[in-house]
Amino acid sequence: MLKRRLSSIIVIALMTNLSATPLTAFAETINTREITQESQDVVESQENEEVTEAKISRFDTYYSNYREGYDTAFRMSNSNIESIEVNGNHRNNSVKENMIDGDLNTYWETAKVNSTNFTNEIVFNLNQETELNRIAYRSAGNTVGFAESFEIWGATEENPDEFKLVSTGSTTKTADVIEIKFAKTKFKKIKFVFKQSYNNTATVSEIMFYKEDTLIDKLNSIFTDSTLSIVSDEFNSPDKIKELEEEAKNHPLYEQYKETINNASALVNKEEVNFVETKVSSFGVSDKNLDKYNEDFKISRDEIISASNTGGTSNKTAIENVLDGDLNTFWESGKVNTDTYNNEVNFEFDEIKTINRIVYSAKRGTNRGFAQEFDIYASVTSTGDTFELISTGAATETQDALEFRFEPTQVKRIKFVYKKSV
Ligand SMILES: [Ca+2]
Ligand SMILES: [Ca+2]
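Note that the structure is a prediction, hence the values are computed from the model and not measured. (Residues numbered from 1 in each chain as written. Chains lettered and ligands numbered in written order. Predicted model: local features only at pLDDT ≥ 70, side-chain atom pairs only at ≥ 80, totals over all residues.)

Some details on the overall build of the chain
- Looking only at helices and strands, the chain has six helices and 19 strands in total.
- In the chain, buried positions account for 36% of the 422 residues. (Helix = DSSP H or I, 4+ residues; strand = E, 2+ residues; numbered from the N terminus. Buried ≥ 20, exposed ≤ 12 C-beta atoms within 10 Å, placed from the backbone.)

Structural notes on the nonpolar core
- Residues Tyr137, Ile152 and Ile180 are the most contacted members of the largest nonpolar core, which totals 37 residues.
- Contributions of two or more residues to this core are made by strand 7 (121-138), strand 8 (147-155), strand 10 (178-197) and strand 12 (206-210).
- Filtering out sequence-adjacent residues up to four positions away, Tyr137 remains in contact with Ala147, Ile178, Ile180, Val204 and Ile207.
- Membership of the second largest hydrophobic core comes to 27 residues, among which are Ile299, Trp331, Tyr377 and Ile414. (Core = buried A, V, L, I, M, F, W, Y, C linked by C-beta atoms within 7 Å. Contact = placed C-beta atoms within 7 Å.)

Concerning the pairing of strand 18 (residues 388-394)
- Across two bridges, the pairing between strand 13 (residues 276-277) and strand 18 is parallel. From the neighbouring strand, Val276 faces strand 18, where its bridge partner is Ser391.
- Pairing analysis gives six bridges linking strand 17 (residues 371-379) to strand 18, with the strands arranged antiparallel. Among the inter-strand pairings, Phe374 is bridged to a residue of strand 18, identified as Gly393. (Pairing = 2+ DSSP bridges.)

Re the environment of Ser361
- Summarising the element assignment, Ser361 is placed in strand 16 (residues 344-361).
- On the neighbour-count criterion, Ser361 (20 C-beta atoms within 10 Å) is buried.
- Linking Ser361 and Gln399, residues 38 residues apart in sequence, is a C-alpha distance of 6.8 Å.

Notes on unusual backbone geometry
- If you check the backbone angles, Asn200 has positive phi at about 65 degrees while not being a glycine.
- By the element assignment, Asn200 lies in the loop between strand 10 and strand 11 (203-204).
- On the neighbour-count criterion, Asn200 (16 C-beta atoms within 10 Å) is partly exposed.
- Phi is positive for Lys316, close to 55 degrees, though the residue is something other than glycine.
- Note that Lys316 resides in the loop between strand 15 (304-309) and strand 16.
- Residue classification places Lys316 among the exposed positions, given that 6 C-beta atoms sit within 10 Å.

Side note on the packing of helix 4 (residues 238-248) against helix 5 (residues 254-268)
- The interhelical angle for the contact between helix 4 and helix 5, taken along N-to-C directions, is 170 degrees, at an axis separation of 10 Å. It follows from the interaxial angle that helix 4 and helix 5 lie roughly antiparallel. Residues Pro238, Ile241, Leu244, Glu245 and Ala248 of helix 4 form the contact with helix 5, whose own contacting residues are Tyr254, Tyr257, Ile261, Ala264, Ser265 and Val268.
- When the residues that make up the contact of helix 4 with helix 5 are grouped by side-chain class, the tally is nine nonpolar, one polar and one charged. (Axes fitted to C-alpha atoms, helices over the stretch in contact; angles between N-to-C directions. Parallel < 35°, antiparallel > 145°, perpendicular 65-115°, else oblique. Nonpolar A, V, L, I, M, F, W, Y, C, P; charged D, E, K, R; others polar.)

Some words on the pairing of strand 12
- For strand 12, the tally of buried residues reaches five of five residues, placing the bulk of the element in the interior.
- Residues Glu206, Met208 and Tyr210 of strand 12 are buried on one face, and the alternating residues Ile207 and Phe209, pointing to the opposite face, are buried as well.

Regarding the environment of Lys279
- Along the chain, Lys279 turns up in strand 14 (residues 279-282).
- For the pair formed by Lys279 and Thr392, sequence separation is 113 residues and the distance between their alpha carbons is 9.2 Å.

Some words on the environment of Thr171
- The residue Thr171 is located in the loop between strand 9 (164-170) and strand 10 in this model.
- Residue class for Thr171 comes out buried when judged on the 20 C-beta atoms lying within 10 Å of it.
- With 117 residues separating them in the primary sequence, Thr171 and Ala54 have C-alpha atoms 9.8 Å apart.

Quick word on the confidence of the model for the chain
- Confidence along the chain averages 89 in pLDDT terms, with 88% of residues attaining 70 or more.
- Long-range and interchain partners of residues 1-5, a stretch whose pLDDT sits below 50, account for three contacts in this model, where long-range means more than four residues apart.
- The low-confidence segment residues 13-48, where pLDDT is below 50, has 90 contacts with residues more than four positions distant or belonging to other chains. (pLDDT = per-residue confidence, 0-100.)

Set out below in structure tokens:
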């Protein structure tokens, strides 16, 4: 489909603008995965062995559609829990069995609050010694009794009566299931100590034990930070990212990470952007030939998966109107450009396409809102701060459809910024 490689999109838009200001900054809001992330500082325990500071984050997997598959692969079965011991008994009907009944609404609560001479702790005795590196924990739903500061101790089959400190951690109370991650360790017994807890009581609505998942650690470190713009050295080559992708295909959470992997792959394999001044010309395709021309070269409407704009809309117009192929329908921004604000329209394609043109037309009967000066940014990813300026142009207001031409560029998302308009 060579013909489609150089395609245009039809943009029919009206913009209201009073002043012109250069674009100074652009950024996207990124959702960060972690709520907290403790440093991996290593501290020395009394036995002079390494004790890791736990990494604590919201346990997104618990809320995922793929939890069942994930648990099958990585969770220690509750059938391996021989018994649970608590040193503070239980309050009312909040019995210890509630910790592992699979129901977040039921919980264990100690009958004895923490004090200067009492610290709540729970010991899980296992049938089979098991190597674990994570505990998923949730307090009672109202966060009363949440373990704000805790210690995890372990005893092995070889020395079942000798507990050693494995990890320490602290975090802000939350009603979410959290993941507490530490260096993988063999446990015959697990002791969870409530060093400090909300309201000094101790509660657990569910506690779950997980084995090491080395792949998810890699998948969570594909990008260097939450801007999702720089691929980590470990994966920053076509071969390396391909290898990770192949490995990830068998992981229970692959569907959740697919987009992240695709975005990293797009950046790693990205062709260099050649910035040029936009070549502005009349879009010289006659009405008679337009359908055929569009069929050959235009990105079709169903290949554009989202259209959005900053600044809202006015006159009951909609951004969708710029894609409907009808010159008589238009979009108008609800906000005018100012010294600190430039209107932008954004489009996302279903996949990366190589395009070299935007076709643009103003509202019928008036040139109000015509884009006299503009910047065009492109990104190869579906999310992240990865836009690059590919072209800057200027045009004289006209009722003609104009073609804004730039170098063939790979585009997943494209952003058109009104720097100055009528
Ligand atoms: Ca429960
Ligand atoms: Ca239209």
